[in-house]
Amino acid sequence: QVQLVESGGGLVQAGGSLRLSCAASGRTFSNYAMGWFRQAPGKEREFVAAISWGGGSTWYADSVKGRFTISRDNAKNTVYLQMNILKPEDTAVYYCAAGRSGNMVRTTPGYWGQGTQVTVSS
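The following paragraphs examine the structure supplied in this document. Quantities reported herein were computed from a predicted structural model and do not represent experimental measurements. (Residues numbered from 1 in each chain as written. Predicted model: local features only at pLDDT ≥ 70, side-chain atom pairs only at ≥ 80, totals over all residues. Heavy atoms only, no water.)

1. Points about the pairing of strand β11 (residues 116–121)
Thinking step 1. Alternating positions in β11 separate cleanly, Thr-116, Val-118 and Val-120 being buried on one face and Gln-117, Thr-119 and Ser-121 remaining unburied on the opposite face.
Thinking step 2. Of the strand pairs in this sheet, strand β2 (residues 10–13) and β11 are connected by 4 bridges, and their pairing is parallel. The residue of β11 that forms the bridge with Gln-13 is Ser-121.
Thinking step 3. The pairing of strand β9 (residues 92–99) with β11 spans 3 bridges and is antiparallel. Pairing of Tyr-94 across the sheet is with Thr-116, part of β11. (Buried < 20%, exposed > 50% of the residue type's maximum accessible area, 1.4 Å probe, protein only. Helix = DSSP H or I, 4+ residues; strand = E, 2+ residues; numbered from the N terminus. Pairing = 2+ DSSP bridges.)

2. What about the pattern of salt bridges?
Thinking step 1. Overall, the coordinates contain 4 salt bridges when judged by the stated rule.
Thinking step 2. With a shortest N-O distance of 2.6 Å, Glu-46 and Arg-38 are connected by a salt bridge.
Thinking step 3. For Arg-38, a relative accessible area of 6% puts it in the buried group.
Thinking step 4. Asp-62 serves as the salt-bridge partner of Lys-65, at 3.2 Å between the closest nitrogen and oxygen.
Thinking step 5. By relative accessible area, which is 65% here, Asp-62 ends up exposed.
Thinking step 6. Through salt bridges with shared partners, one network takes in Arg-38, Glu-46, Arg-67 and Asp-90. (Salt bridge = Lys/Arg side-chain N within 4 Å of Asp/Glu carboxyl O.)

3. Some remarks on the state of the cysteines
Thinking step 1. Counted according to the given criterion, the structure contains 1 disulfide.
Thinking step 2. Here Cys-22 is linked by a disulfide to Cys-96, with a sulfur-sulfur distance of 2.1 Å. Measuring handedness by torsion sign, the sulfur bridge of Cys-22 and Cys-96 sits at about -80° and is left-handed. Separated by 74 residues along the polypeptide, Cys-22 in strand β3 (residues 18–26) and Cys-96 in strand β9 bring together distant segments of the chain. Each member of the pair, Cys-22 together with Cys-96, is buried. (Disulfide = S-S within 2.5 Å.)

Below, the structure is given as structure tokens:
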């Protein structure tokens, strides 16, 4: 089992920045690729970003490329999502996820956090 706890959400004005954190516990963190997803009201959950177990590969949704950066610190068992130039359409609950590979974490993560709310005002 892998337990994931997100933090760092909040209310920010358009154009602002936030950094989300996801602390993992349980199985060896460095064995897992990590990802972020989001779900806006009335919409399906969507992929945002992912990072390989060693951090050498990253993937992003087209909607966040150039604005969001995913990173990880395996010594701290933590993955981050730096979000810049935020837009009202980024408003959603953001979920951390873990998977056994970069492909799996983007498609069928094995583990999910409880989510953290991000609200971007116009």
